[in-house]
Amino acid sequence: MSRIFLLVLLITAAFTASSQFVVNFKADKLNACDSLTVQFTDLTTASGLEAWLWSFGDNTFSEERHPVHHYVAPGAYTVQLTILRSSGSNLQTQSLTKEHYITVNAPPSTNYSTKTAMYNASFCVGFFGVSNADSLNYSYLWHFGDGDTAVGSAVLHTYAAAGSYIFNMKVKSNKGCERAVSDTIVLKENFSVPNVFSPNGDGINDEFAISSDGHQVFKLQIFCRWGNLVYETTATNVRWDGRNSIGVLMIPGTYYYNLTSVGGSETIKRSGFVELVQ
């Protein structure tokens, strides 16, 4: 009797073992940026496979054995494959779930800002990449449009002259996602010298004032028509109120000026005539 019982146990165990199967699958790509098209392949080798149900983790499904699926939004996706198998008169189902199997990374932001200042006859521009709202690490590469480059999320670059420059910013995450943006920056010289003024005390155009960024130091010399020096000053905000060095208001007429920058890596020199009128 015990032998018969043991034989029944062996037959039951053998049938149970033969009825089990293991589900397996793979994807040809596991991560990408912005969007991703994936070829899924069922690797299950058991016989009698009847039906397949894929869940791609984005509320979409497929009943194909080897489906192709397109992910359109950033995220981490859990993929599940359930298979129906016939074994004799029995039907079995087995599933395999791979947590966070597919990852679609968001593309980095290409927002930026700039700030420009004129200094020493050149233009210093700050370029700033706007921080991305996640925990990833980002690298920035800048092309300034004049042959120079720099790296960093916040960089300073000096242009030698006014003009239009096409700059490019490329930002790349440590997940391999990258984007680029190009734009034009127009630099205008913030420096002008008037050709007429009227020091009559009416509060309108009373001074011969040099417009600049207020950082560069200038030396201004004023000469009368006979070449005599009548006024001289050195300052960051250069202006002449029409009086000579002892405070006497000069007569109306044409005066000659020399304007020279003091210090700095480059020299600014301007000369010309200014008309003093009453």
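Worth saying up front: this structure is predicted, and the values here are computed from it rather than measured.

A.B. asks: Could you give an account of the overall build of the protein chain, with specific residues and numbers?
C.D. replies: Of the regular secondary structure elements, the protein chain holds one helix and 22 strands. For the protein chain, the proportion of its 278 residues judged to be buried stands at 33%. Of the contacts formed within the protein chain by residues at least 6 apart in sequence, a portion of 52% connects residues at least 24 apart.

A.B. asks: Can you lay out the nonpolar core for me, pointing to particular residues and giving the numbers?
C.D. replies: For soluble globular proteins, the rule of thumb is that nonpolar side chains tend to be buried together. Residues Phe40, Trp54, Tyr71, Val79 and Ile102 are the most contacted members of the largest nonpolar core, which totals 20 residues. For this core, the secondary-structure elements that each account for two or more residues are strand 1 (25-27), strand 3 (36-42), strand 4 (49-55), strand 7 (75-87) and strand 8 (90-105). Counting residues per element, this core draws most heavily on strand 7, which supplies four residues. Ignoring sequence-local partners within four residues, the contact set of Tyr71 consists of Ser35, Leu36, Val38, Phe40, Phe56, Asp58, Tyr77, Val79, Ile102 and Val104. One finds Phe218, Ile222, Ile268 and Leu276 within the second-largest nonpolar core, a separate group that totals 18 residues.

A.B. asks: If you had to explain the pairing of strand 21 (residues 253-262) to someone new, which residues and values would you point to?
C.D. replies: Two elements, strand 18 (residues 217-223) and strand 21, share seven bridges in a ladder whose sense is antiparallel. Residue pairing for strand 21: Phe223 is matched across the bridge by Tyr256. Two strands pair when backbone bridges link them, and strand 21 and strand 22 (residues 269-276) are joined in this way by eight bridges, in the antiparallel orientation. Within strand 22, the residue paired with Tyr255 across the bridge is Val274.

A.B. asks: Lay out unusual backbone geometry with the relevant residues and their values.
C.D. replies: Backbone phi values are negative for most residues with the exception of glycine, while trans is the configuration of most peptide bonds. We note that Asp34 has phi near 75°; this positive angle belongs to a residue other than glycine. The topology assignment puts Asp34 in the loop between strand 2 (31-33) and strand 3. The exposure class of Asp34 is partly exposed, given its relative accessible area of 42%. Of note in this structure, His100 is not a glycine but carries a positive phi near 50°. By the secondary structure assignment, His100 is in strand 8.

A.B. asks: Summarise the pattern of salt bridges; cite the residues concerned and give the values.
C.D. replies: Where side chains of opposite charge bring their charged atoms close, a pairing between them can arise. Applying the stated rule across the entire model yields four salt bridges. One salt bridge in this structure joins Arg239 and Glu207, with 2.7 Å as the shortest N-O distance. Of the two residues, Arg239 is situated in strand 20 (residues 239-240) and Glu207 in the loop between strand 16 (196-197) and strand 17 (208-209); the sequence distance between them amounts to 32 residues. Take Arg239: its relative accessible area is 36%, and that puts it in the partly exposed class. Of the charged contacts in the structure, one is a salt bridge between Glu232 and Lys219, with a shortest N-O distance of 3.5 Å. With Glu232 in strand 19 (residues 229-235) and Lys219 in strand 18, this residue pair connects regions lying 13 residues apart in the sequence. A relative accessible area of 34% means that Lys219 is categorised as partly exposed.

A.B. asks: Now, about the sheet that holds strand 3: what can you tell me, with residues and values included?
C.D. replies: With respect to topology, three strands assemble into an open sheet ordered 1-3-6, the strand pairing being antiparallel. The strands lining the two open edges of the sheet, one partner per strand, are strand 1 and strand 6 (68-71). Each adjacent strand pair in this sheet contributes to an overall mean axis angle of 25°, direction not counted. Here strand 1 pairs with strand 3 via three bridges, running antiparallel. Bridging from a neighbouring strand, Lys26 pairs with Thr41 of strand 3.

A.B. asks: Can you break down the pairing of strand 15 (residues 178-187) residue by residue, with the values?
C.D. replies: Taken residue by residue, a regular strand's side chains alternate between the two faces of the sheet. One ladder, built from 10 bridges, connects strand 14 (residues 163-173) with strand 15; its direction is antiparallel. Within the sheet, the bridge partner assigned to Ile166 lies in strand 15 and is Thr184. In sequence, strand 14 turns back onto strand 15 through a hairpin of four residues, with Gly176 there showing a positive phi of about 90°.

A.B. asks: Please provide a residue-by-residue account of the environment of Tyr77, values included.
C.D. replies: By secondary structure assignment, the location of Tyr77 is in strand 7. On the basis of relative accessibility, which here comes to 9%, the residue Tyr77 falls in the buried class. Along the primary structure Tyr77 and Tyr101 are separated by 24 residues, whereas in three dimensions their C-alpha atoms are 5.9 Å apart. Once you skip the residues sitting within four places of it in the chain, Tyr77 turns out to touch Phe56, Gly57, Asp58, Tyr71, Lys98, His100, Tyr101, Ile102 and Val104.

About the criteria used
Each chain has its residues counted from 1, running along the sequence as written. Per-residue local features are limited, in this predicted model, to residues with pLDDT of at least 70; the limit for side-chain atom pairs, both in listing and counting, is 80 or more; totals at the level of whole chains, interfaces and linings are taken over all residues. Working from all heavy atoms in the structure, the side-chain values ignore hydrogens and water. Where helices and strands are cited, they refer to DSSP runs of H or I of at least four residues and of E of at least two residues respectively, numbered from the N terminus. Type-normalised accessible area, obtained with a 1.4 Å probe on protein chains alone, sets the label of each residue: buried when under 20%, exposed when over 50%, and partly exposed for intermediate values. When checking whether two residues touch, look at their non-hydrogen atoms; a contact exists if any pair is within 4.5 Å. For our purposes a nonpolar core is just a set of buried Ala, Val, Leu, Ile, Met, Phe, Trp, Tyr and Cys residues, chained together by side-chain atoms within 4.5 Å. Note on pairing: DSSP must find at least two bridges between two strands before they are called paired. Salt-bridge detection follows one rule: a side-chain nitrogen of Lys or Arg within 4 Å of a carboxyl oxygen of Asp or Glu. Lines fitted to the C-alpha atoms define the axes, with helices restricted to the stretch that makes contact. Angles between their N-to-C directions range from 0 to 180 degrees.

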